Amino acid sequence: LHNTIIRKCISEHKGYEVKTIGDSFMIAFSSAVDAVNFSLAMQTALHSADWSDNNDGAQTGQINNFYDEQHINDAKESPASVWNGLRVRVGGHAGFLSVRRVVSMGADGSSGSIDVGTPYDYFGSTVNVAARIEAIGHGGQVLVSKALLELFDSESMSTSSITFQRKPMGNVDLRGYNEPVQIMQLFTSEFERRVFNALRIEKADLNDFEQSATHDDTQSQAPTGTLSASNASADMHGVIQTFSAKRKVKEEDVKQGFIALDSLTSVMAPSEQRKILSTMVKAWHIKDDTEGKSKNSPLWLKLLLASRLGPVMNVREHKLFGTNPTGTKIGRTKSLRSQSNDGSDSIVE
């Protein structure tokens, strides 16, 4: 029933179902108005559905009792009338995307053919932010970024939209994103009495890398206007701070290098990031004694490279623009630069 309702709403509001992960949906829209209308209409459709078995209300009662027992959404403050059946959270964001056709592999390992029915997949920082926003919400809650609402406002002057209210949730630090994101909660009048706990924002350090690594692929592939399977949320500033302290490198160097690497790889799928970053770690002769799943996490590989790249960027900045270098020693480099007769630069180890 859950899937049937969501797919009906996707069709009615011109969405594209990218994929499902467990019981979660990844959905893309070409219009911000369609994305917002879908999110609100879906909440109404889920609430209006008959979740009972054989019309005796048994399943509905079991679902509601589960939420009550878990003290989810503080049921004492929310009237019973605003809840019915499964509660689904939505996270939405707008921006540019990297779009690719999904090609299945043949039985012999060769690439399959692409035809009209071949599905698309979406990658990039926009999809990452949508997943992070969804992850901090609660069942029955719709959260979107300021970027999505600004696009909605520009479109809604010429396109009809569902009437709704907005509640500012403040500027939120999202894991893997360099700047705080302004979040808004959207709801129609029928759900204005829904009460939610505080946003599920958690702190994380290096001990959380293994957990983060298990979520990387799902988190990095959630499109604009999405219901995704991501659950991890972390403070990148805290991660970089802890990493720098343990590796005994300058925090600002790591931050600078990480921003560059994260920006360059933001349009890549996690598997592609992992392959390219692993190759770079080997090329730069960076030692890594980490054990477990986190060893091959794109997040961890970026941090390793950032610890070496940051200092190099400082020296190159001094060379190119005449700024003062930080004086950070770089690995086993003997001579950072030599200038050939034709004036070209080279790095010598």
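See above for the structure.
Parameters and conventions
Residues numbered from 1 in each chain as written. Predicted model: local features only at pLDDT ≥ 70, side-chain atom pairs only at ≥ 80, totals over all residues. Heavy atoms only, no water. Helix = DSSP H or I, 4+ residues; strand = E, 2+ residues; numbered from the N terminus. Contact = heavy atoms within 4.5 Å. Polar contact = N/O pair within 3.5 Å; in protein donor to acceptor, adjacent residues only side chain to side chain. Core = buried A, V, L, I, M, F, W, Y, C linked by side-chain atoms within 4.5 Å. Buried < 20%, exposed > 50% of the residue type's maximum accessible area, 1.4 Å probe, protein only. Pairing = 2+ DSSP bridges. Axes fitted to C-alpha atoms, helices over the stretch in contact; angles between N-to-C directions. Arc of directions from axis to C-beta. Parallel < 35°, antiparallel > 145°, perpendicular 65-115°, else oblique. Left-handed = near helix turned anticlockwise from the far one by under 90°. Nonpolar A, V, L, I, M, F, W, Y, C, P; charged D, E, K, R; others polar.

### A few points about the environment of R247
Okay, step 1: Its place among the elements puts R247 in helix 7 (residues 236–247).
Okay, step 2: Note: C-alpha distance between R247 and L304 (57 residues apart in sequence) is 9.3 Å.
Okay, step 3: When neighbours within four sequence positions are excluded, R247 is seen to be in contact with I286, K287 and L304.
Okay, step 4: Engagement of the side chain of R247 in a polar contact is seen with the backbone oxygen of K287, the distance being 3.2 Å.

### Examining the nonpolar core
If you look at soluble globular proteins, the nonpolar side chains tend to sit buried side by side.
Okay, step 1: Formed by 30 residues in total, the largest nonpolar core has its most connected members in F38, M42 and L186.
Okay, step 2: Among the secondary structure elements, those contributing two or more residues to this core are helix 1 (2–12), strand 2 (24–28), helix 2 (32–48), helix 3 (58–69), strand 6 (142–145), helix 5 (146–156) and strand 8 (181–187).
Okay, step 3: At eight residues, helix 2 tops the list of elements feeding residues into this core.
Okay, step 4: With residues near it in sequence (within four places) discarded, F38 still touches I6, C9, I10, H13, I27 and F29.
Okay, step 5: Counting residues in hydrophobic clusters, the runner-up holds 17 residues, among them V254, F258, I286 and L305.

### Things to note about the sheet that holds strand 7 (residues 165–172)
Okay, step 1: Here we have four strands laid out as an open sheet, ordered 3-6-8-7, and mixed in their pairing. Every interior strand has two partners, whereas the edge strands, strand 3 (90–92) and strand 7, have only one. On average, adjacent strands in this sheet sit at an angle of 25° to one another, irrespective of strand direction.
Okay, step 2: Pairing of strand 3 with strand 6 involves three bridges; the strand directions are parallel. Bridging across to strand 6, G91 finds its partner in L143.
Okay, step 3: Contacts from helix 4 (residues 125–135) reach strand 3, strand 6 and strand 8, with the element oriented near 145° to strand 3.
Okay, step 4: Packing against the sheet, helix 5 makes contact with strand 3, strand 6, strand 7 and strand 8, and its axis sits at approximately 85° to strand 6.

### Focus on helix 5
Okay, step 1: Of the positions making up helix 5, those classed as buried are L148, L149, F152 and E155. Relative to the axis of helix 5, the buried residues are bounded by an arc of 125° and lie together on one face.
Okay, step 2: The inward-facing, buried residues of helix 5 contact helix 2, strand 3, strand 6, strand 7 and strand 8.

### As for the packing of helix 8 (residues 251–265) against helix 10 (residues 298–321)
Okay, step 1: In the contact formed by helix 8 and helix 10, the axes pass within 6 Å of each other and the chain directions differ by 110°. The pairing of helix 8 with helix 10 is recorded here as roughly perpendicular in orientation. Classified by chirality, the crossing of helix 10 by helix 8 is right-handed. Contact residues: helix 8 offers D253, V254, Q256, G257, F258, A260, L261, D262 and T265, while helix 10 offers L299, K302, L303, L305, A306, S307, L309, G310, P311, M313, N314 and E317.
Okay, step 2: In the contact of helix 8 with helix 10, the residues fall into eleven nonpolar, six polar and four charged.

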